[in-house]
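Architecture at a glance
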Amino acid sequence: SVLPDVSKSMDSGTRGITKFDYARILTACLTNLVHHQRDRVGFVAFDEAIVEHVPPSAKHLDVVLHTLDRAQPARPGRLVEPLRKLAEHFGRRGIIIVISDFYAEPEEVFEAVGPIVHRGNDVALFHVLDPQEIDFSFTEASSFEDMESGDQMPIVPGKLADDYRGLVQAHIETLKKKAAQQPVDYMLLNTSMPLDFALFRFL
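Heads up: these notes are all about the structure in this document. (Residues numbered from 1 in each chain as written. Predicted model: local features only at pLDDT ≥ 70, side-chain atom pairs only at ≥ 80, totals over all residues. Heavy atoms only, no water.)

Glancing now at the overall build of the protein chain. Of the regular secondary structure elements, the protein chain holds 7 helices and 8 strands. By the burial criterion, 44% of the 203 residues in the protein chain qualify as buried. A separation threshold of at least 6 residues defines the contact pool for the protein chain, and within that pool the share at least 24 residues apart is 73%. With the model as given, the accessible surface of the protein chain reaches about 10800 Å², and the carbon-plus-sulfur share is 51%. (Helix = DSSP H or I, 4+ residues; strand = E, 2+ residues; numbered from the N terminus. Buried < 20%, exposed > 50% of the residue type's maximum accessible area, 1.4 Å probe, protein only. Contact = heavy atoms within 4.5 Å. Areas by Shrake-Rupley, 256 points an atom, 1.4 Å probe, with all protein chains shown as cover.)

Now the structure itself:
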């Protein structure tokens with residue numbers, strides 16, 4: 001099953017594609033690949049709750065793709081509650097792929113996926129970020145908006161760019177480390193990275 005995050009923070013992008021569209025195309029590729037291997041395809045879109053749920057089936061590819069096509073990021077996101085509710089549906093051993101920008105503390109991320117892992121599933125985290133979220137290459141003072149709350153804050157980039165990049169890298173490294181301890185597969189996907197390269201690295 002593929003679980004894309006459809007929360008509002010995913011609806012941002014600076015390289016011609018939003019994180020949401022990148023995740024949506026990646027989800028379509030993965031479900032199509034699974035279908036052609038004659039395996040069961042499942043799909044769950046989530047934000048602060050479960051938005052769409054297509055149970056795993058060998059006959060559900062069209063339903064998954066239609067559901068994916070109409071999905072829209074609109075609400076704030078939370079990982080723990082929707083994934084905890086889903087854990088009981090993943091009792092049968094399978095591969096669960098969570099695609100998100102993981103705007104949450106690492107402890108929350110692994111609290112969310114822990115019950116799914118403990119039920120014997122193989123879990124992979126695809127961490128989708130825009131290049132600007134990684135590099136913070138802004139140069140001019142401007143107002144930055146929280147994608148989920150709408151709050152705005154004036155920022156002079158040069159004064160905090162190094163601190164910001166350090167925090168982002170620390171977040172990524174902590175997710176990697178905790179994933180290795182689970183075990184959970186973790187892969188950082190920069191939206192400037194071609195999708196075929198991202199898929200090749202994973203497969």
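Once the structure has been displayed, the description carries forward.
What follows deals with the packing of helix α1 (residues 19–36) against helix α2 (residues 61–70). Helix packing for two helices is described by the angle between their axes and how far apart those axes are. With their axes 10 Å apart at the nearest point, α1 and α2 run at an angle of 180 degrees to one another. Considered as vectors, α1 and α2 are oriented roughly antiparallel to each other. When α1 is examined against α2, the residues R24, T27, A28, T31, N32 and H35 are found in contact with a partner set consisting of L61, V64, L65, L68 and D69. Taken together, the residues that form the contact of α1 with α2 break down as 5 nonpolar, 4 polar and 2 charged. (Axes fitted to C-alpha atoms, helices over the stretch in contact; angles between N-to-C directions. Parallel < 35°, antiparallel > 145°, perpendicular 65-115°, else oblique. Nonpolar A, V, L, I, M, F, W, Y, C, P; charged D, E, K, R; others polar.)

Now for unusual backbone geometry. For the bond running from Q182 to P183, omega is 0 degrees, close enough to zero to count as cis. Tracing the chain through its elements places P183 in the loop between α6 (157–181) and β8 (185–190). In this model, R38 sits at a positive phi of 65 degrees, which is unusual for a non-glycine residue. In this fold, R38 is placed in the loop between α1 and β2 (41–46). At F102, a position not held by glycine, the phi torsion is positive, near 50 degrees.

Another aspect to go through is the packing of α1 against helix α7 (residues 195–202). Look at α1 against α7: their axes get within 11 Å of each other, and the N-to-C directions meet at 50 degrees. By the angle between their axes, α1 is oblique relative to α7. For the pair α1 and α7, the crossing hand works out as right-handed. Contacts between α1 and α7 involve Y22, I25, L26, C29 and L30 from the former and L195, A198 and L199 from the latter. Class assignment of the residues belonging to the contact of α1 with α7 gives a composition of 8 nonpolar, no polar and no charged. (Left-handed = near helix turned anticlockwise from the far one by under 90°.)

With that out of the way, let us pick up the pattern of salt bridges. Tallied over the entire structure, the rule returns 9 salt bridges. Ionic pairing is found between R24 and D21, a salt bridge with its closest N-O pair at 2.9 Å. Residue R24 and its partner D21 are located together in helix α1, separated by 3 residues, close to a single helical turn. One salt bridge connects R70 with E52, and the closest N-O pair in it is separated by 3.6 Å. On the criterion of sequence distance, the pair formed by R70 in helix α2 and E52 in strand β3 (residues 50–57) is long-range, its members being 18 residues apart. (Salt bridge = Lys/Arg side-chain N within 4 Å of Asp/Glu carboxyl O.)

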